[in-house]
Amino acid sequence: MKVPFKYLFVLGSIVLFSLAFTFLKPTPLYLEIPKGWPKPHYDFSKNPLTEEGFQLGRQLFYDPILSRDNTISCASCHLQATGFTHVDHELSHGIDGKIGTRNSMTLMNLAWSKSFMWDGGVNHLDVQALNPITSPDEMDET
C-alpha cells in the first residue's frame, strides 16, 4: 500500500510531538482569566496548555497539507488580519474553487464555548476541526 507523503508528514509531526512530550518536560503555558470572567467550559486538565502544543497547533493551522490538494489551510478562511474570520466573502471558499455552505466563524474565546459551528453541531473543541477538514466543499480530506 502506497502512503502519500503528506500523511507521513502529519503522522511524523504528531509522533515527534508525542515523543518530545514523553521524554522532555513540556513548557507549561498558563491561561490568565480576566477578573470577573467565568471559568472556561474547556477542561484543560485533559489537554494542558504547553508551548510545544501551541507551536504544533500553530504549524498545523497555517499548513495546507491538511487539505486534499494541499492548497487550503485553516488560516485560508480564518484570517489573522480580520480577527480569524473571513470578511470579504459571504461563504468560505474551499479546494478546487468550491464554495462552502457557511462562512468561517471567528476564533476567539473558544475555551468558553459549549458548541461550535453556526448550527452548534459540534459539542467539543477537540473535534471541531474535523468538520472543515472532512467537508467536501472546504478541505475535502479523509
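So, here's what we can say about the structure.

**Here's the deal with the side chain of E141**
Consideration 1: With respect to the helices, strands and loops of the structure, E141 is situated in the segment after α5 (130-134).
Consideration 2: Polar contacts involving the side chain of E141 include one to the side chain of T142, which spans 3.5 Å.

**Digging into the environment of S115**
Consideration 1: Secondary-structure assignment places S115 in the loop between α3 (74-77) and α4 (125-128).
Consideration 2: Owing to a relative accessible area of 41%, S115 belongs among the partly exposed residues under this scheme.
Consideration 3: Residues S115 and Q128, 13 residues apart in the sequence, show an inter-C-alpha distance of 9.0 Å.
Consideration 4: Residue contacts for S115: discarding those within four places in its chain leaves G120, V122 and N123.

**So, the side chain of D63**
Consideration 1: Along the chain, D63 turns up in the loop between α2 (51-62) and α3.
Consideration 2: A residue is classified by how much of its surface remains accessible, and D63, at 16% relative accessible area, is buried.
Consideration 3: Setting aside anything within four residues of it in sequence, one finds D63 in contact with F9 and S73.

**Section: a nonpolar patch on the surface**
Consideration 1: Together, L29, L31, I33, W37, L49 and F54 line one region of the surface with nonpolar side chains, adding up to about 510 Å² of accessible area.
Consideration 2: Tracing the backbone through its elements, the reader meets W37 in the loop between α1 (5-23) and α2.

**A closer look at the environment of H124**
Consideration 1: Inspection of the secondary structure assignment puts H124 in the loop between α3 and α4.
Consideration 2: Note: C-alpha distance between H124 and Y42 (82 residues apart in sequence) is 8.2 Å.
Consideration 3: When near neighbours in sequence (up to four residues on either side) are disregarded, H124 contacts Y42 and F116.
Consideration 4: Only 3.1 Å separates the side chain of H124 from the backbone nitrogen of D126, close enough to count as a polar contact.

**Observations concerning the packing of aromatic side chains**
Consideration 1: What the rule picks out here adds up to 4 aromatic pairs.
Consideration 2: Both rings, one in W37 and one in W112, keep their centres 5.2 Å apart while their planes meet at 75 degrees; by these two values the pair is edge-to-face. Separated by 75 residues along the polypeptide, W37 in the loop between α1 and α2 and W112 in the loop between α3 and α4 bring together distant segments of the chain.
Consideration 3: Classification of W37 by relative accessible area gives partly exposed; the value is 40%.

**A look at the pattern of salt bridges**
Consideration 1: A complete count under the given rule lists 3 salt bridges for this structure.
Consideration 2: Among the ionic pairs, D140 bridges to R68, the shortest N-O distance being 2.6 Å. A residue pair is termed long-range when its members are at least 10 positions apart, and D140 in the segment after α5 and R68 in the loop between α2 and α3 qualify at 72 residues.
Consideration 3: Here R68 falls in the partly exposed class, since its relative accessible area comes to 36%.
Consideration 4: The partner of E138 in a salt bridge is R102, with the nearest N and O atoms 2.9 Å apart. One end of the pair, E138, is in the segment after α5; the other, R102, is in the loop between α3 and α4, with 36 residues separating them in the sequence.
Consideration 5: Residue class for E138 comes out buried when judged on its relative accessible area of 13%.
Consideration 6: Here the residues in one salt-bridge network are R68, D96 and D140, joined through shared partners.

What counts, and where the lines are drawn
- Residues numbered from 1 in each chain as written.
- Predicted model: local features only at pLDDT ≥ 70, side-chain atom pairs only at ≥ 80, totals over all residues.
- Heavy atoms only, no water.
- Helix = DSSP H or I, 4+ residues; strand = E, 2+ residues; numbered from the N terminus.
- Polar contact = N/O pair within 3.5 Å; in protein donor to acceptor, adjacent residues only side chain to side chain.
- Buried < 20%, exposed > 50% of the residue type's maximum accessible area, 1.4 Å probe, protein only.
- Contact = heavy atoms within 4.5 Å.
- Patch = residues over 30% accessible without salt bridge, like charges linked within 9 Å, V, L, I, M, F, W, Y side chains within 5 Å.
- Areas by Shrake-Rupley, 256 points an atom, 1.4 Å probe, with all protein chains shown as cover.
- Salt bridge = Lys/Arg side-chain N within 4 Å of Asp/Glu carboxyl O.
- Phe/Tyr/Trp six-rings, centres within 6.5 Å; stacked < 30°, edge-to-face > 60°.

Everything listed here is a matter of coordinates, which is why it stays silent on function.
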